[in-house]
Amino acid sequence: MQSVFICDYIRTPIGRYGGALSGIRSDDLAALPLRALKDRHSGLDWEAVVDVIYGCSNQAGEDNRCVARMALLLADLPETLSGTTINRLCGSGMDAVLTAWRRLAVGEGDLAIAGGSESMSRAPFVMPKAGVAFSRQTSIEDTTIGWRFVNPLMQQKYGTESMPETAENLAEDFAISREDQDAFALRSQQRAAAAIASGTLRGEIMPVPIPQRRGDPVIFDTDEHPRATTAEKLAALPAPFRKGGSVTAGNASGVNDGAAALILATEAGARRHGLTPLARITGGATAGAPPRIMGIGPVPATQKLCAAQGLAPGDFDVVELNEAFAAQALAVLRQLGLPDDAGHVNPDGGAIAFGHPLGMSGARITGTAARRLAAGGGRRALATMCIGVGQGIAISLEAV
């Protein structure tokens, strides 16, 4: 097994639903970070890339037909490169990184691209084919997020609750108060605001020109989902997903657009291609969890990863935990034995502030963790996230 390193990472700013990136086709959006990496590494031998692996959760609209392959062609990478698209729902982008890591680790090549993309704004409505000839009935399903074309047996055996409803289940099962959820959400917003103001994230975000009907394009270069708020404003929001519930728009992640890509290389590959490693990938794991509390998935995934490496959750100096919901994040932190307000967990804020473009998020938090280690943030980093239908995924990194 060869050592594999993350050598570069770049992403678009994250757009709000219907926001700055909503006018960009899904396949064009996926191509943006690939083109940026190509421009940044003009001397790289792109023919040496063993594969371009992208995560994407939807794949029902403009991101169909293997968006990874479409993106690399649209980014003017060599036609000889192959591309594949992974769908592990919310964990797709992280699974892409782990898949690229495994391919390089076993010696299939010395250079790979991994990433993820999602345009939730442009997710289409879809219709089923008629079940009988000359049918006069049909239905329309929204592919933006969550269940569609529900299997009655799945409903009977496991339930098909929406993502917010699973967060309500976690809040109830793990006795997580509305006040604690809102406090967590406020910290996420405050940390994100501080990171944006200090320029901490500038090195990972590429500017995106947004064409206008008249005049020059507008340059979009700052995440637009974070919003200024207060504890009082968060407390005043309704909890629409369950009577007497505690999950709100303020303590949940957003519905968003964005794309990210990373360059992975072996030690020999980094030398050969003149790349500077940010961090070494040391392991990865996936695990299943009950679908009704899908958000607990990072716990068994992290425990499996730690067991394989002889580590404990407290051994990581940086933790990037995808904040699908505050209730979910708090349940995970408490089960892993980490404080609610741990300073090393999402130190620059998380998905409650930045948003959650499904296929992109795993690539984003992995790249962010690698950059923090490279900046002297410690020796070990963990990135982990929950996945719809009840799964978790985790990846571990080490400073170089």
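Residues numbered from 1 in each chain as written. Predicted model: local features only at pLDDT ≥ 70, side-chain atom pairs only at ≥ 80, totals over all residues. Heavy atoms only, no water.

A.B. asks: I keep staring at the overall build of the protein and nothing clicks. Help me out?
C.D. replies: Assigned secondary structure in the protein consists of 12 helices and 14 strands. In summary, the protein has a C-alpha radius of gyration of 20 Å against a globular reference of 21 Å for 400 residues, a match within 12%. If one aligns the C-alpha atoms of the protein with their principal axes, the spans along those axes are about 60 × 60 × 45 Å. Going through the 400 residues of the protein one by one, you find that 55% of them count as buried. (Helix = DSSP H or I, 4+ residues; strand = E, 2+ residues; numbered from the N terminus. Rg over C-alpha atoms; globule rule 2.2 N^0.38 Å. Buried < 20%, exposed > 50% of the residue type's maximum accessible area, 1.4 Å probe, protein only.)

A.B. asks: Can you walk me through the pairing of strand S5 (residues 111-119) in this structure?
C.D. replies: Look at any regular strand and the pattern is simple: side chains alternate between the two faces of the sheet. Most of S5 sits inside the fold, with 9 of its 9 residues counted as buried. What you see with S5 is no split at all: Leu111, Ile113, Gly115, Ser117 and Ser119 on one side and Ala112, Ala114, Gly116 and Glu118 on the other are buried throughout. Here strand S3 (residues 52-55) runs beside S5; their pairing, made up of 4 bridges, is parallel. Residue pairing across strands places Ile53 opposite Ala114, the latter belonging to S5. The pairing of S5 with strand S10 (residues 256-266) spans 9 bridges and is antiparallel. If you follow Glu118 over to S10, its bridge partner there is Gly258. (Pairing = 2+ DSSP bridges.)

A.B. asks: Is there a simple way to think about the state of the cysteines in this case?
C.D. replies: Disulfide: a covalent bond formed between the sulfur atoms of two cysteine residues. Under the counting rule described, the total for this entry stands at 0 disulfides. The thiol of Cys66 is unpaired, and the distance to the nearest cysteine sulfur, on Cys56, comes to 10.0 Å. (Disulfide = S-S within 2.5 Å.)

A.B. asks: Looking at this model, I keep getting lost on empty space enclosed by the protein. Mind explaining?
C.D. replies: If you walk through the whole model with that rule in mind, you get 3 cavities of 30 Å³ or more. There is about 70 Å³ of room inside the largest cavity. If you trace the largest cavity, you find it lined by Phe184, Arg187, Ser188, Arg191, Glu323, Leu333, Asp340, Asp341, Ala342, Val345 and Asn346. Of the residues in the lining of the largest cavity, the class split is 4 nonpolar, 2 polar and 5 charged. (1 Å grid on protein atoms, 1.4 Å probe; cavity = no way out; pocket = protein on both sides within 12 Å on 5 of 7 lines; lining within 4 Å. Points joined across faces, edges and corners; volume = space filled by probe spheres on them. Nonpolar A, V, L, I, M, F, W, Y, C, P; charged D, E, K, R; others polar.)

A.B. asks: Whenever I open this one, the layout of surface pockets confuses me. Can you help?
C.D. replies: Over the atoms, a rolling probe the size of a water molecule traces out where space has been left empty. Each pocket or cavity is described by its volume, and for the largest pocket that value is around 610 Å³. Lining the largest pocket are 33 residues, and of these Met120, Ile145, Gly146, Met163 and Leu358 lie nearest its centre. The class makeup of the residues in the lining of the largest pocket is 17 nonpolar, 13 polar and 3 charged. Taken as a whole, the second largest pocket holds about 190 Å³ of empty space. Residue lining of the second largest pocket: Ala195, Ile196, Gly199, Thr200, Leu201, Arg202, Ile205, Met206, Pro207, Asp221, Thr222 and Asp223, and that is the complete set. Looking at the lining of the second largest pocket residue by residue, the class counts come to 6 nonpolar, 3 polar and 3 charged.

A.B. asks: Got a minute to help me understand the nonpolar core in this structure?
C.D. replies: Most often, soluble globular proteins have nonpolar side chains that are buried together. Counting 46 residues, the largest nonpolar core has Ile6, Leu264, Ile281, Ile395 and Leu397 as the members making the most contacts within it. Setting aside residues no more than four positions away along its own chain, Leu264 makes contact with Val4, Phe5, Ile6, Val97, Ala100, Trp101, Leu104, Asp110, Leu111, Ala112, Ala114 and Ile281. Counting 37 residues, the second largest nonpolar core, distinct from the first, contains Leu32, Met206, Ala265 and Leu275. (Core = buried A, V, L, I, M, F, W, Y, C linked by side-chain atoms within 4.5 Å. Contact = heavy atoms within 4.5 Å.)

A.B. asks: What am I meant to see in helix H5 (residues 163-173) here?
C.D. replies: Note: α-helices contain 3.6 residues per turn, so residues at a spacing of three or four share the same orientation. Counting buried residues along H5, 8 of its 11 residues qualify, which places the element largely inside the surrounding structure. Within the sequence span of H5, burial applies to Met163, Pro164, Thr166, Ala167, Glu168, Asn169, Leu170 and Ala171. Elements in contact with the buried residues of H5: helix H6 (178-198) and helix H10 (326-335). Where H5 terminates, the next one or two residues include Ala175, which has phi positive at roughly 50°.

A.B. asks: Teacher, can you tell me more about the environment of Thr276 here?
C.D. replies: Mapped onto the elements, Thr276 comes out in the loop between helix H8 (267-273) and strand S11 (279-288). Note on Thr276: relative accessible area 60%, which makes it exposed. Linking Thr276 and Val400, residues 124 residues apart in sequence, is a C-alpha distance of 9.8 Å.

A.B. asks: Can you walk me through the pairing of strand S14 (residues 391-399) in this structure?
C.D. replies: Counted residue by residue, S14 has 7 buried out of 9 residues, so it is predominantly covered. Both S11 and S14 contribute to a ladder of 9 bridges, which runs antiparallel. Residue pairing across strands places Ile281 opposite Leu397, the latter belonging to S14. Inspection of the sheet shows strand S13 (residues 380-387) paired to S14 by 8 bridges, in the antiparallel sense. Considered in S14, the bridge of Ala383 is made with Ile395. Turn length for the S13-S14 hairpin, with the two strands adjacent in sequence and antiparallel, is 3 residues, and the turn residue Val389 shows positive phi of about 70°.

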